[in-house]
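Examining the three-dimensional arrangement
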Amino acid sequence: RSDGLQVDAVIVNRAPWPQAFPEIELRFSAINGDLIASRRFAPREYLAGELAGRRQMPVAAPVQISLALLDPGPGAVNYEVRLH
């Protein structure tokens with residue numbers, strides 16, 4: 001879509017034990033730090049393929065994720081990723 005963004009990332013569980021997949025929050029802000037847009041993704045929204053429906057992140061295994069969202073516009077010059 002012309003009004004969308006595709007964000008691809010890799011997350012890795014560096015703990016020595018499996019743990020729950022996090023919610024992933026993307027935040028976009030203006031040059032002055034004002035929040036323009038924010039979106040939180042639950043694991044069911046970003047897990048696909050063999051990991052779809054899984055609750056636990058494997059240990060030390062890279063997990064490729066892809067997030068689709070609406071473009072927050074040209075004023076969104078900064079971004080932040082938060083894991084919850």
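Values in this document were obtained by computation on a predicted structure and should not be read as measured data.

1. Here's the deal with the pattern of salt bridges
- This structure, assessed with the given rule, holds five salt bridges.
- A salt bridge links Glu25 to Arg27; its shortest N-O distance comes to 3.4 Å.
- For Arg82, the salt bridge is made with Glu80, and the minimal N-O distance between the two is 3.1 Å.
- Arg82 gets classed as partly exposed once you look at its relative accessible area, which sits at 32%.
- Look at Glu80 and you get partly exposed, because its relative accessible area is 35%.

2. Quick word on the environment of His84
- Mapped onto the secondary structure, His84 falls in the segment after β7 (78-83).
- Look at His84 and you get partly exposed, because its relative accessible area is 42%.
- As a C-alpha pair, His84 and Pro22 span 62 residues in sequence and 5.3 Å in three-dimensional space.
- Beyond its immediate stretch of four places on either side in the chain, His84 contacts Pro22, Glu23, Glu25 and Arg40.
- Side chain to side chain, His84 and Arg40 meet in a polar contact 3.3 Å long.

3. Regarding the sheet that holds strand β3 (residues 24-29)
- As summarised here, the arrangement of the three strands in space is β4-β3-β7, forming an open sheet in which the pairing is antiparallel. Either end of the sheet is taken by a strand with one partner, and the two such strands are β4 (35-41) and β7. Shown here is a sheet whose adjacent strand axes are inclined to one another by a mean of 15°, direction ignored.
- With six bridges joining them, β3 and β4 adopt antiparallel strand pairing. By the bridge assignment, Phe28 is partnered in β4 with Ala37.

So, how was this worked out
- Residues numbered from 1 in each chain as written.
- Predicted model: local features only at pLDDT ≥ 70, side-chain atom pairs only at ≥ 80, totals over all residues.
- Heavy atoms only, no water.
- Salt bridge = Lys/Arg side-chain N within 4 Å of Asp/Glu carboxyl O.
- Buried < 20%, exposed > 50% of the residue type's maximum accessible area, 1.4 Å probe, protein only.
- Helix = DSSP H or I, 4+ residues; strand = E, 2+ residues; numbered from the N terminus.
- Contact = heavy atoms within 4.5 Å.
- Polar contact = N/O pair within 3.5 Å; in protein donor to acceptor, adjacent residues only side chain to side chain.
- Pairing = 2+ DSSP bridges.
- Axes fitted to C-alpha atoms, helices over the stretch in contact; angles between N-to-C directions.

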